[in-house]
Amino acid sequence: MKMKFKINKKERTLDVDKSMPILWMLRDVANLKGTRFGCGKGLCGACTVHLDGVAIRSCITPSEAANGKGITTIEGLSDNGDHPLQKSWIKHNVPQCGYCQPGQIMNAASLLNQNKKPNDTQIDEGMAGNICRCGTYTRVREAIKDAAKG
Amino acid sequence: MMIDQIRKISRRDFVKATGITTAGLCLGTLSCQSTPKAAPSGTVAVDPIFKPNVFVHIGEDGIVSIYCHRSEMGQGIRSTLPIILSDELGADFSKVKIIQAIGDKKYGDQNTDGSTSIRKNFDKIRGSAAMARDMLIQTAAQKWNVAKETCDTKDHFVIQKGTNKKIEFAKLVIDASKLALPDQSKVKLRKNSDLDHFHKKMPFVDVKDFVTGNARYGADVDLPNMLIASIERPSVMGATIKSFDNKAPTKVGGVRKIIKMPEPKQPYGFQGWGGVAVLADNTWAAMKGREALAIQWNLGEHASYNTKAFKASMETASKKSGPAYRKKGNPSEALRTAHKKHSAQYYVSHLAHLSMEPPVAIANYTEKDGGFCEVWASTQNPQTARSAVARATGLPEDRVRVNVTLLGGGFGRKSKGDFCSEAAFLSKAAGQPVRVQFTREDDIKNDYLNTVALMTFEAGTDKKGMLKAWQMKSAFPPIASTFMDKSEVPPQARDFQQGILDLAMGIDNFEAQAITVKAHVRIGWLRAVYNLFHSFATNCFLDEIARKEKKDPLDFMLSVYADRVLTPKEMGNTEMHNYEQDIEQHPVNGKRLKQALSRVAAKANWKSRAKDKTRGYGLAVHRSFLSYVAVAAAVKKEQDKIIVDEVWITIDAGIVYNLDRVVSQMEGSVIEGMSHLFHGGITHKNGAVEQSNFNDAGILRMPEAPRKIHVDIVTSTEPSGGVGEPGVPPVAPAIANAIFALTGKRLREFGKA
Ligand code: FES
Ligand code: FES
């Protein structure tokens, strides 16, 4: 089915099965590879993107749900990789393998959109859905706090 | 000690390997095993003599390229190696590029397991860089007509010390490349203290790509006309297909082909797993189509594998004795006459790898010139992948090319070539490029699991409560079973190497026996492997004895380890593998072990822990991968939940370069050890894995992560040990011991915390 999406501020008309999760629409059809597949069941957060500004798990959200709406992926979070969170991530050398990091950053960005100055517990709870198998959690926390200081 | 011989690499070979045609100076090392015959100019002729491990090229455009033959999977190798090189060469780091090598035996060992990457390569990289520096300096000195000793290199220039004279590398390389190779024994490396980045925080090469989504992993490789395959594999080892529906999947839009996979034969090694593949235009269609396969299986003998029953069978087997890989004195007699006897049994279940990026491989098989197969994969070991692909396609190895992509975590899973075999087979069968994409469920159900182990201890103490006798049995199906044509294989001495043969206890009566049990699944290696359970059991058992003897666990642990180097002979070892490294260079050093333990205890204020009313403290220390790591943990209770509040970790890995990446490896090790302890454990029912995804095969999440992880790195001049793996083994026991201190509850299993 033909659907219209505004992906990273660009209008795209794509012909995909309406049940196809946004994750696979982005990766396989729109050729945006920054959004990652980790579990396919909404359990790890690697696939996090923003749907009209709010973090969603793209692996369990059908493309149909984004028809006519705006999707922001890691590639569109900032123009030059200079979102405060991206800068803070670089400052703290957060990534190890890096695979989970786009999802971590997209989730953190949505968290900060809703709460400019989250406390430790709010950060932990807000990020609990994002797994990092390499174990970068303590740095992710620091990087979010640093970015929130702003 | 074997010195790697540095050679000039001919232009022709360089172009062949890299495709880079810029002229320049190229040096590299040959693997130790080869016997090079030098051509007159010092240039080495082509294959088979040409076997560079690592090589460095300085182009006439000034760009320095390093041919990096190891996979990056989070350890920062691709940052560390270039920086070591830049420091030694006097190069500007921003002009250094890394080229990822393809899988080929000519690069020597390319496996990124075993924490060996840095250990084996820093000398080679530095050696090549020092030679190149020497040649650049010689060239400049000749031009200026000054003594070479008055010159140095800095920021991509040769300079004359104390003057303003300087000349860019770019202007020197062509002349430098014509010089004869200097005598390697006369070219000195810079002092570590003269290296700008040595033992400091280094720049992180790929970090911007990681945070902007531009890093490219295996699954990001697209080929024209490629199909995506999702494979329904047998859930029980050795199961075969009775029947399946080859019509229903084709009704799913986008499904193109259904292909039955070849059935693997023992030894399973790195063959594919069998099953049926559904190939489609996109991943979603392949996954949907696969759901319609309705496969009926013949489950076979391993359907009898049930975790509880198997544990009971290990207990029965451990009642008998087995061959001893380490024996000293007369432990049975010493136990009989001991003042007090202590005994315990520890059990650690299978553990899964759960790399964040599920395994993925892309293959393109073409018929041209009798067949050629090119593979792109997030592999830790492109060489074994290459062999596996050759076998799956029937091609000779030189008709296979394996390209290594970035890895979204490996942990040992991706050194197995099975997923590459599957992609290659399918591409050949389908006649077009194919990507095999594991789902998370596939990753968990078709993993080469870390083994399951039961450890049985008896120890004897004297009147003063000092340890006098130690007798242990370790029962587990070993990795070797995956590579043999039978399932019942005894644990090997090289398995006991991990935490038993190098347990630095100097006591007079010591014995470690191997107990044989059957393998019912493909056994593989997970970061730190056998050390995971040997360290857990030993450290917890020592804590148990200390507490029963009313001793401070720190003092007791310090009392059981030797204050010096122990030789394999005096430890009573029948064999010593020592991570395949020279025992003279990397001895079993009780002093370093104790030093790490004392340091971590001091950092955690162990001796004044009684003042901390809310938290319980625990300790552990372990030697693995030639490094010594100690951990202290402080845990507390919040609403009946155990919280790991603070963790201290001290590592003595000999010389370390990239401080920040060592710190991040230790932080990750703490999280991983906690994942094992709190969520670990893959169980089987009727031969199949019971867990399916991150809901039941747990990984620690942020709220459970310690508030603070303090990493302490010992400054050392000892040869480098591993960093990627040795951090994990002491984490779980330190926390288990802390939980005992807090609650009085003794954990003797993972996944039960
Ligand atoms: S891939 Fe979507 S939550 Fe894991
Ligand atoms: S950095 Fe590897 S999974 Fe997070």
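Computed from a predicted structure; not experimentally measured.

Colleague: Can you explain the overall build of chain A? Please cite residues and give values.
Modeller: When its secondary structure is counted, chain A shows five helices and five strands. Of the regular secondary structure in chain A, the N- to C-terminal order runs β-β-α-β-β-β-α-α-α-α. In terms of overall size, chain A behaves like a compact globule, its C-alpha atoms giving a radius of gyration of 15 Å where 150 residues would be expected to give roughly 15 Å. Seen along its three principal axes, the alpha-carbon backbone of chain A occupies a region of about 45 × 25 × 25 Å. By the burial criterion, 61% of the 150 residues in chain A qualify as buried. Considering only contacts within chain A whose residues lie at least 6 apart along the sequence, 56% involve residues at least 24 apart. Averaging the coordinates of the 22 positive side-chain charges in chain A and doing the same for the 14 negative ones gives two points 2 Å apart.

Colleague: Requested: an account of the interface of chain B and chain A, with residues and values cited.
Modeller: Residue-level contacts link 59 residues of chain B with 52 residues of chain A. Approximately 4,700 Å² of surface area, both sides summed, lies buried where chain B meets chain A, with 57% of it carried by carbon and sulfur atoms. One can count nine salt bridges joining chain B with chain A. Between Arg133 of chain A and Glu672 of chain B there is a salt bridge whose closest N-O contact spans 3.0 Å. Across the chain B-chain A interface, the total number found is 31 residue pairs in polar contact (both at pLDDT 80 or more). Counting residues per element, the side of chain B that touches chain A draws most heavily on helix α17 (residues 659-679) of chain B, which supplies nine residues. Per-class residue counts for the side of chain B that touches chain A are 28 nonpolar, 16 polar and 15 charged.

Colleague: Provide a residue-level description of the pattern of salt bridges, including the pertinent values.
Modeller: Pairs may arise between side chains of opposite charge once their charged atoms sit close together. Evaluation of the coordinates by the stated rule reveals 62 salt bridges over all chains. The shortest N-O distance in the salt bridge between Arg233 of chain B and Asp442 of chain B comes to 3.5 Å. A residue pair is termed long-range when its members are at least 10 positions apart, and Arg233 of chain B in the loop between β9 (227-232) and β10 (240-243) and Asp442 of chain B in helix α11 (residues 440-445) qualify at 209 residues. Of the two residues examined, Arg233 of chain B and Asp442 of chain B, each falls in the buried class. Arg440 of chain B is the salt-bridge partner of Asp443 of chain B, the closest N and O atoms lying 2.7 Å from each other. One end of the pair, Asp443 of chain B, and the other, Arg440 of chain B, are both in helix α11, three residues apart, so they sit about a helical turn from each other. Comparing Asp443 of chain B with Arg440 of chain B, the two get one shared label, buried. Each of the salt bridges in this network shares a partner with another, and the network as a whole consists of Asp120, Asp124, Arg141, Glu142 and Lys145 of chain A together with Arg707 of chain B.

Colleague: Tell me what's going on with the packing of helix α14 (residues 553-560) of chain B against helix α16 (residues 590-603) of chain B, and back it up with residues and numbers.
Modeller: Residue and element names in this part refer to chain B. Their axes nearest at 10 Å, the elements α14 and α16 cross at an angle of 170°. Classed by the angle they form, the pair α14 and α16 counts as roughly antiparallel. Side by side, α14 and α16 meet where Leu554, Met557 and Leu558 of the first sit next to Lys594, Leu597, Ser598 and Ala601 of the second.

Colleague: Can you tell me about the packing of aromatic side chains, naming the residues and giving the values?
Modeller: What characterises a pair of aromatic rings is the spacing of the ring centres plus the angle enclosed by the ring planes. In this structure the tally under the stated criterion is 22 aromatic pairs over all chains. Consider the rings of Phe457 of chain B and Trp470 of chain B, whose centres lie 5.4 Å apart with planes at 65°: the pair is edge-to-face. Of this pair, Phe457 of chain B sits in strand β20 (residues 453-461) while Trp470 of chain B sits in strand β21 (residues 467-475), and the two are 13 residues apart along the sequence. For the pair formed by Phe457 of chain B and Trp470 of chain B, the shared burial category is buried. Measuring from centroid to centroid gives 6.4 Å for Trp470 of chain B and Phe510 of chain B, while their planes differ by 20°, and the two rings are stacked. Placement of Trp470 of chain B in strand β21 and of Phe510 of chain B in strand β22 (residues 509-515) is noted, with a sequence separation of 40 residues between them. An aromatic cluster is present here, built from Tyr346, Phe457, Trp470, Phe510, Phe536, Phe541 and Phe750 of chain B joined pairwise through their rings. Against the face of Phe411 of chain B rests Arg133 of chain A, its NZ or CZ located 3.7 Å from the ring centre. The ring of Tyr347 of chain B carries Lys311 of chain B above its face, with NZ or CZ at 4.8 Å from the centroid.

Colleague: Summarise the packing of helix α4 (residues 120-127) of chain A against helix α5 (residues 137-149) of chain A; cite the residues concerned and give the values.
Modeller: All names here are of chain A. Relative orientation of the contacting elements α4 and α5 amounts to 120°, with a least axis distance of 11 Å. The angle between α4 and α5 places the two elements in the oblique class. In this structure, the crossing between α4 and α5 has a hand that is right-handed. Taken together, the residues of α5 that come into contact with α4 (itself represented by Asp120, Ile123, Asp124 and Met127) are Val140, Arg141, Ile144 and Lys145. Here the contact of α4 with α5 is composed, by residue class, of four nonpolar, no polar and four charged.

Colleague: Before we move on, can you summarise unusual backbone geometry with the specific residues and values?
Modeller: Residue and element names in this part refer to chain B. Omega for the peptide link from Gln266 to Pro267 comes to -5°, which places this bond in the cis form. One can find Pro267 in the loop between β11 (255-260) and β12 (276-280). For Asp155, which is not a glycine, the phi torsion comes out positive at approximately 50°. Tracing the backbone shows Asp155 in the loop between β6 (151-154) and β7 (157-160). Given the relative accessible area of 46%, Asp155 is considered partly exposed. The backbone of Lys550 shows a phi angle near 55°, a positive value even though the residue is not glycine.

Parameters at a glance
Residues numbered from 1 in each chain as written. Chains lettered and ligands numbered in written order. Predicted model: local features only at pLDDT ≥ 70, side-chain atom pairs only at ≥ 80, totals over all residues. Heavy atoms only, no water. Helix = DSSP H or I, 4+ residues; strand = E, 2+ residues; numbered from the N terminus. Rg over C-alpha atoms; globule rule 2.2 N^0.38 Å. Buried < 20%, exposed > 50% of the residue type's maximum accessible area, 1.4 Å probe, protein only. Contact = heavy atoms within 4.5 Å. Lys, Arg positive; Asp, Glu negative; His and termini not counted. Charge placed at Lys NZ, Arg CZ, Asp CG, Glu CD. Buried area = accessible area lost by both parts, 1.4 Å probe. Salt bridge = Lys/Arg side-chain N within 4 Å of Asp/Glu carboxyl O. Polar contact = N/O pair within 3.5 Å; in protein donor to acceptor, adjacent residues only side chain to side chain. Nonpolar A, V, L, I, M, F, W, Y, C, P; charged D, E, K, R; others polar. Axes fitted to C-alpha atoms, helices over the stretch in contact; angles between N-to-C directions. Parallel < 35°, antiparallel > 145°, perpendicular 65-115°, else oblique. Phe/Tyr/Trp six-rings, centres within 6.5 Å; stacked < 30°, edge-to-face > 60°. Lys NZ or Arg CZ within 6 Å of the ring centre and 35° of its normal. Left-handed = near helix turned anticlockwise from the far one by under 90°.

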